[in-house]
Every structure is written in C-alpha cells, then in structure tokens.
Amino acid sequence: MRYNEKELQALSRQPAEMAAELGMRGPKKGSVLKRRLVKLVVNFLFYFRTDEAEPVGALLLERCRVIREEPSAFSISFIEDPERKYHFECSSEEQCQEWIEALRRASYEFMRRSLVFYRNEIRKVTGKVRAGLQRAGAGLQVAEAVLQSWLMATHPPHRTPWSSSAYPRRPGSS
C-alpha cells in the first residue's frame, strides 16, 4: 500500500468539518470498542487516541457505505471488502444522524453528483430565459467554473497517492 504519511499528517491537522470523541471498533474479529477522537477532514476520517496529536489511522471515504447499525451507532464498510466494517458508537441518536449525513456528503463521488445536479439546474433556469440556446452563455460558464473549482478545492480527484481505504500507523505494519 502506498501513501504519503507526512501529507496525511498535515491534512489531519486541518480544521475539521466534524470532530467528536466516539466509541470505535476496528474490523478485526475480537476487536473491542475504544474511545477515539474522530475527525472528518475533506474526504478522510482520521481517528486518534484521545491523548495523542498524531492519528492512529485514517479512512478514505470513497467507494464506501455508511450504515446505521443501531439508534446511536453506525458502520463504515468499503465496496471492495464489505465484510470489513468499522463500527462507531455516538452519545445520542442525533449525533449519530449528523455523522452519517456528514460522512455520506464527504465523498468525491457525492460532490461530483452534486455538481452535475446543480449544473443541470442552472441549465434549466437559464434555458427559460434564453429559449432555444444549447448553452446559456457566459453566466452558465462562470457558474460551472465556480462549482468545478470549489469541488476541486474541497475534494481532490480520486487519483490520490493513497491507494487504499485505510493506512497503517507505521510503514510495514498491517
């Protein structure tokens, strides 16, 4: 597995879209629930020991499923390996729902679908004003450029130096 540890650590220090101390259980059989500081930054979910500044690990939230398991618990699994689940326990149903929604919005795939949706909405609105035109002109192009640049700034393309959904704490560890 390839990743750039320094870049991931720098990213983990960026302002979080959401952060909380949650119960977390890894995908290994017999794994026990541990309290972790969980931090959502762009499309990475970092998790830390509660007394450490460096992340223990991270999940790249691409090609994944976020599923509510219980009223105040959810899991994350990846399409390539659906049996490998990370379980999280929240302090309330409301907190759980907030995390589920934020995690589902965090993927590049979601942002791409949103861009396409809003592009079509802009075409519908501008098409009414300028009936019969294939494109609505400069206004639409500017709006599309703004949406595209925002998408690229907040969610880099899926082609990242990290080729896996999770990374180990140290090179060579599994």
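What comes next is a walk through the structure. Everything quoted here is computed from the prediction, not taken from an experiment.

1. What to know about the overall build of the protein
A count of helical and extended segments in the protein gives four helices and eight strands. Listed by position from the N terminus, the elements making up the protein come as α-β-β-β-β-β-β-β-α-α-α-β. Counting across all 174 residues of the protein, residues that qualify as buried make up 37%.

2. Some thoughts on a negative patch on the surface
Together, E93, E94, E98 and E101 line one region of the surface with negative charge. Here E94 shows up in helix 2 (residues 93-105).

3. Quick look at the pattern of salt bridges
Pairing between side chains of opposite charge can happen when their charged atoms approach one another. In this structure the tally under the stated criterion is six salt bridges. The partner of E54 in a salt bridge is R13, with the nearest N and O atoms 3.1 Å apart. With E54 in the loop between strand 3 (44-49) and strand 4 (57-60) and R13 in the loop between helix 1 (5-12) and strand 1 (18-25), this pair connects stretches of sequence that are 41 residues apart. Among the salt bridges present, the one from E52 reaches R49, with a minimum N-O distance of 3.5 Å.

4. Examining the packing of aromatic side chains
Each aromatic ring pair is described using two quantities: the centre-to-centre distance and the angle formed by the ring planes. Scanning the entire structure with this criterion turns up three aromatic pairs. With centroids separated by 5.1 Å and ring planes inclined at 15°, the aromatic side chains of F74 and F88 adopt a geometry described as stacked. Here the residue F74 occupies a position in strand 6 (residues 73-78), and F88 occupies one in strand 7 (residues 81-89), the gap between them amounting to 14 residues. Relative accessible area serves as the criterion here: at 1%, F74 is assigned to the buried category. Between F117 and Y118, the ring centres sit 5.1 Å apart and the planes meet at 75°, which makes this aromatic pair edge-to-face.

5. Re the pairing of strand 7
Taken together, the three bridges between strand 1 and strand 7 define a ladder with antiparallel strand orientation. By the bridge assignment for strand 7, R25 is matched with H87. In this sheet, strand 7 lies alongside strand 6 in antiparallel orientation, the contact comprising six bridges. For S75, the partnering residue across the bridge sits in strand 7 and is H87. The hairpin formed by strand 6 and strand 7 contains two residues between the paired strands.

6. Brief notes about helix 1
Those residues of helix 1 not exposed but buried are L8, Q9 and S12. The buried residues of helix 1 all sit within an arc of 100° when viewed along its axis, so they share a single face.

7. A few points about the nonpolar core
Counting residues in each nonpolar core, the largest one holds 25 residues, and the members touching the most others are L45, F74, I76, F88 and W99. Contributing elements (two or more residues each) for this core: strand 1, strand 2 (34-41), strand 3, strand 5 (64-70), strand 6, strand 7 and helix 2. Examining the composition of this core, we find that five residues originate from one element, helix 2, more than from any other. With residues up to four places along the chain from it excluded, the contact list for L45 reads V38, K39, L40, G57, A58, L59, L61, I76, F88, W99 and L103.

8. Points about the environment of R105
Position of R105 among the secondary structure elements: in helix 2. Along the sequence, R105 and L61 sit 44 residues apart, while their C-alpha atoms lie 9.6 Å from each other.

What counts and how
- Residues numbered from 1 in each chain as written.
- Predicted model: local features only at pLDDT ≥ 70, side-chain atom pairs only at ≥ 80, totals over all residues.
- Heavy atoms only, no water.
- Helix = DSSP H or I, 4+ residues; strand = E, 2+ residues; numbered from the N terminus.
- Buried < 20%, exposed > 50% of the residue type's maximum accessible area, 1.4 Å probe, protein only.
- Patch = residues over 30% accessible without salt bridge, like charges linked within 9 Å, V, L, I, M, F, W, Y side chains within 5 Å.
- Areas by Shrake-Rupley, 256 points an atom, 1.4 Å probe, with all protein chains shown as cover.
- Salt bridge = Lys/Arg side-chain N within 4 Å of Asp/Glu carboxyl O.
- Lys, Arg positive; Asp, Glu negative; His and termini not counted.
- Charge placed at Lys NZ, Arg CZ, Asp CG, Glu CD.
- Phe/Tyr/Trp six-rings, centres within 6.5 Å; stacked < 30°, edge-to-face > 60°.
- Pairing = 2+ DSSP bridges.
- Arc of directions from axis to C-beta.
- Core = buried A, V, L, I, M, F, W, Y, C linked by side-chain atoms within 4.5 Å.
- Contact = heavy atoms within 4.5 Å.

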